[in-house]
Amino acid sequence: MAAASFDNMDGKIWMDGEFRDWTDANVHVLTHAIHYASSVFEGQRAYCGKIFKLEEHTDRLFHSAELLGMTVPWTKAQINDACNELLEINKLTDAYCRPVIWRGSEMMGVSAQANTIHAAVAVWEWPSYFSPEARLKGLRLEISKWRRPAPDTIPTQAKAAGLYMICTLSKHAAEANGFDDALMYDYRGLVAEATGANIFFVKGGELFTPTPDCFLDGITRRTVIDLAHKRGLKVTERAIMPEEMEQFEQAFLTGTAAEVSPLSQIGPYNFEVGGITKSLMLDYDALVRGES
Ligand code: PMP
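Residues numbered from 1 in each chain as written. Predicted model: local features only at pLDDT ≥ 70, side-chain atom pairs only at ≥ 80, totals over all residues. Heavy atoms only, no water.

### Focus on the nonpolar core
Thought 1: Within the largest apolar cluster, 27 residues are counted, with the highest numbers of intra-cluster contacts made by Val 40 and Ile 101.
Thought 2: Looking at this core, the elements with two or more residues in it are helix H2 (54-67), helix H3 (76-89), strand S6 (95-103) and strand S7 (117-125).
Thought 3: In terms of residue count, H3 provides more of this core than any other element does, five residues in total.
Thought 4: The two domains that each donate at least three residues to this core are domain 1 (12-124) and domain 2 (132-288).
Thought 5: Once you skip the residues sitting within four places of it in the chain, Ile 101 turns out to touch Ser 38, Ser 39, Val 40, Leu 61, Met 70, Val 72, Ile 117, His 118 and Ala 119. (Core = buried A, V, L, I, M, F, W, Y, C linked by side-chain atoms within 4.5 Å. Buried < 20%, exposed > 50% of the residue type's maximum accessible area, 1.4 Å probe, protein only. Helix = DSSP H or I, 4+ residues; strand = E, 2+ residues; numbered from the N terminus. Domains from an automatic or database assignment. Contact = heavy atoms within 4.5 Å.)

Have a look at this one:
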């Protein structure tokens, strides 16, 4: 039997307008995306059969494609339908959903004006990974040596494959050292984000989170800011210096995959998994499941 792998599962994948068997959703090795990172994608989650904030994710997908100079040959409605229909076809209710847009093979060099633009969506089972109790222990982050780049060096607001090169390097280094993930500073040395999630801190009953001026302004991040406001909590978006972490009492990550994940440690700094973090975790769980 073949080893378990994402290219070898049962089910259907939507690719360039049709539902294909999972193992037939392939690209050629001379695809521009593989060589020159001409690829943008989304990460979405379905809870109880419904993809949370699907339209916002699709808006960001199209915006990312535009930032890379790619015109998507599908409408947003077609991509949304593909995501929803795939869930049904694959009989999934709690799932991860991955749309991706990329350049094909017509030109094989840095220039790619004539390359066709392709689209695909895959979904796979993604039950809640950790129980709230397990997550409440708090994740441990290493501080990465890699920094989020400046907005005039790469389109930092795109959810583009190329931006993840340093995330994979950071996460591999962190895991090799026994940590769960890495915190990345930005090109100025300010606190930025984790390798696939945004970061918040709590101090004196208020929330603080870095201004997203060189990294993704995550959909979960904005959702959690709204949830905090609903609880009457003050949220300040501002530049955060690494030394400030000494004074922060609680810290947590936000992201579609990470949801609200408390942190117990970032490099030399320790945090408690406190009441505000726990409340926002529960608020988020209730919201995504349509219970609030
Ligand atoms: N930053 C990075 C680098 C990410 O990969 C993600 C996950 N998409 C996020 C932040 C959080 O974004 P969202 O809440 O929209 O999932």
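### Details of the site of the ligand
Thought 1: Tyr 164, Glu 193, Ile 219, Thr 220 and Thr 256 are the nearest of the 14 residues found near the ligand.
Thought 2: At 2.4 Å, a side-chain N or O of Tyr 164 approaches an oxygen atom of the ligand.
Thought 3: Across the complex, the protein chains shield 95% of the 380 Å² of accessible surface that the ligand would expose by itself.
Thought 4: A class-by-class count of the residues in the shell around the ligand yields four nonpolar, seven polar and three charged. (Near = heavy atom within 4 Å. Polar contact = N/O pair within 3.5 Å; in protein donor to acceptor, adjacent residues only side chain to side chain. Areas by Shrake-Rupley, 256 points an atom, 1.4 Å probe, with all protein chains shown as cover. Nonpolar A, V, L, I, M, F, W, Y, C, P; charged D, E, K, R; others polar.)

### Observations concerning the pattern of salt bridges
It is possible for side chains bearing opposite charge to pair when their charged atoms get close.
Thought 1: Throughout the structure, instances matching the rule amount to 16 salt bridges.
Thought 2: A salt bridge links Arg 20 to Glu 18; its shortest N-O distance comes to 3.0 Å.
Thought 3: Assessed through its relative accessible area of 41%, Glu 18 is described here as partly exposed.
Thought 4: A salt bridge links Glu 237 to Arg 221, with the nearest nitrogen and oxygen atoms 2.7 Å apart. A residue pair is termed long-range when its members are at least 10 positions apart, and Glu 237 in strand S13 (residues 235-237) and Arg 221 in helix H6 (residues 219-230) qualify at 16 residues.
Thought 5: Its relative accessible area of 42% is what places Glu 237 among the partly exposed residues.
Thought 6: Among the charged side chains, a network of salt bridges with common partners joins Glu 56, Asp 217, Arg 221, Arg 222 and Glu 237. (Salt bridge = Lys/Arg side-chain N within 4 Å of Asp/Glu carboxyl O.)

### Here's the deal with the environment of Asp 181
Thought 1: For Asp 181, the position within the fold is in strand S9 (residues 181-186).
Thought 2: Between the C-alpha atom of Asp 181 and that of Glu 88, which follows or precedes it by 93 residues, the distance is 33 Å.
Thought 3: Non-local contacts of Asp 181, meaning those with residues more than four positions away in its chain, are made with Arg 140, Leu 141, Glu 142, Lys 171, Ala 174, Ala 194, Thr 195 and Leu 253.

### Some remarks on H3
Thought 1: Here H3 spans 20 Å end to end across 14 residues, near enough to the 20 Å set by a 1.5 Å rise per residue.
Thought 2: For H3, the set of buried residues is Ile 79, Asn 80, Ala 82, Cys 83, Leu 86 and Leu 87. For H3, the buried positions fall inside an angular range of 155° around the axis, keeping them on one side.
Thought 3: At the exit of H3 stands Lys 91, carrying a positive phi of roughly 55°. (Expected span 1.5 Å × (residues − 1). Arc of directions from axis to C-beta.)

### Things to note about the packing of aromatic side chains
Thought 1: For the coordinates displayed, the defined rule picks out 10 aromatic pairs.
Thought 2: Aromatic pair Phe 6 and Trp 124: ring centres 5.0 Å apart, planes at 65°, arrangement edge-to-face. In this pair, Phe 6 is assigned in the segment before strand S1 (12-15) and Trp 124 in strand S7, connecting sequence segments 118 residues apart.
Thought 3: Residue classification places Phe 6 among the exposed residues on the basis of a relative accessible area of 54%.
Thought 4: Ring centres of Phe 52 and Tyr 284 lie 5.8 Å apart, and the angle between their planes is 85°; on these two criteria the pair is classed as edge-to-face. (Phe/Tyr/Trp six-rings, centres within 6.5 Å; stacked < 30°, edge-to-face > 60°.)

### Points about the pairing of strand S14 (residues 250-255)
Thought 1: S14 sits mainly inside the fold: six of its six residues count as buried.
Thought 2: Every second residue of S14 is oriented toward a common face, with Gln 250, Phe 252 and Thr 254 on one face and Ala 251, Leu 253 and Gly 255 on the other, all of them buried.
Thought 3: Two elements, strand S11 (residues 198-203) and S14, share five bridges in a ladder whose sense is antiparallel. Residue pairing for S14: Phe 201 is matched across the bridge by Ala 251.
Thought 4: Here four bridges tie S14 to strand S15 (residues 259-266), and the two strands are oriented antiparallel to one another. For Leu 253, the partnering residue across the bridge sits in S15 and is Ser 261.
Thought 5: Hairpin connection of S14 to S15: three residues between the antiparallel strands. (Pairing = 2+ DSSP bridges.)

### Points about a nonpolar patch on the surface
Thought 1: Taken together, the side chains of Val 29, Leu 30, Tyr 36, Met 108 and Val 110 present a nonpolar region at the surface, about 490 Å² in accessible area.
Thought 2: Within the secondary structure, Val 29 is located in the loop between strand S2 (18-21) and helix H1 (32-36). (Patch = residues over 30% accessible without salt bridge, like charges linked within 9 Å, V, L, I, M, F, W, Y side chains within 5 Å.)

### Looking at unusual backbone geometry
Thought 1: Phi is positive for Ala 37, which is not a glycine, with a value near 60°.
Thought 2: With respect to the helices and strands, the residue Ala 37 is situated in the loop between H1 and strand S3 (39-41).
Thought 3: The phi dihedral of Cys 48 falls on the positive side, at around 50°, and the residue is not glycine.
Thought 4: Topologically, Cys 48 is positioned in the loop between strand S4 (44-47) and strand S5 (50-51).

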